[in-house]
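Coordinate inspection notes
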Amino acid sequence: MHELSIVNALLKHVQPYLNRKIKCIKIEVGSMSCIDPERLIGCFDWVKATAGLNDTQLIIDHHPAKASCQQCQQVFTLTQLGQPCPCGSYDYNLLSGQQLTLTEIEFA
Ligand SMILES: [Zn+2]
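Basis of the calculations
- Residues numbered from 1 in each chain as written.
- Predicted model: local features only at pLDDT ≥ 70, side-chain atom pairs only at ≥ 80, totals over all residues.
- UniProt positions renumbered as here; feature names shortened; annotations may be inferred.
- Pairing = 2+ DSSP bridges.
- Helix = DSSP H or I, 4+ residues; strand = E, 2+ residues; numbered from the N terminus.
- Axes fitted to C-alpha atoms, helices over the stretch in contact; angles between N-to-C directions.
- Contact = placed C-beta atoms within 7 Å.

Looking at an unreviewed UniProt entry, one finds the chain named Hydrogenase maturation factor HypA, with Zooshikella ganghwensis as its source organism. For the record of the chain, the UniProt heading Sequence similarities (unreviewed entry) holds the text "Belongs to the HypA/HybF family."

See below:
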């Protein structure tokens with residue numbers, strides 16, 4: 001399960017801070033990262049008790065993907081996979097949108 005391995009990787013990052021009470025963990029997820037946010041939160045809720053994070057909330061920030069077009073050179077926002085550039089071209093490079101970053105750990 002993809003989401004569960006992400007949650008486990010996330011918990012590894014959080015581990016050094018477990019001696020403090022963590023209120024929430026914020027992550028930034030690119031819209032092209034193929035992650036189902038609801039399943040990600042579901043997985044987190046499932047493992048958080050064993051990780052000692054009973055009262056911790058996982059907050060997901062969505063980050064729209066950006067691509068740069070080879071035809072018209074403009075940078076545009078991709079809202080879904082397989083979408084063309086506003087000029088109609090499919091010849092573009094993804095600049096961002098596949099990332100999953102731990103952005104903040106908030107302590108209670
Ligand atoms: Zn274009």
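Still more to cover.
Right, let's talk about the sheet that holds strand 2 (residues 57-63) for a bit. On the basis of which strands lie adjacent, the open sheet formed by 3 strands has the order 2-1-6 and mixed pairing. The open sheet has two edge strands with one neighbour each: strand 2 and strand 6 (100-107). On average, each strand axis in the sheet is inclined to that of its neighbour by 20°, with strand direction left out of account. Of the pairings in the sheet, the one linking strand 1 (residues 22-30) to strand 2 comprises 7 bridges and is parallel in character. Bridge pairing in strand 2 places Gly 30 opposite His 63. Against the sheet, helix 2 (residues 37-47) makes contact with strand 1 and strand 2, and its axis sits at roughly 160° relative to strand 2, the strand it touches most.

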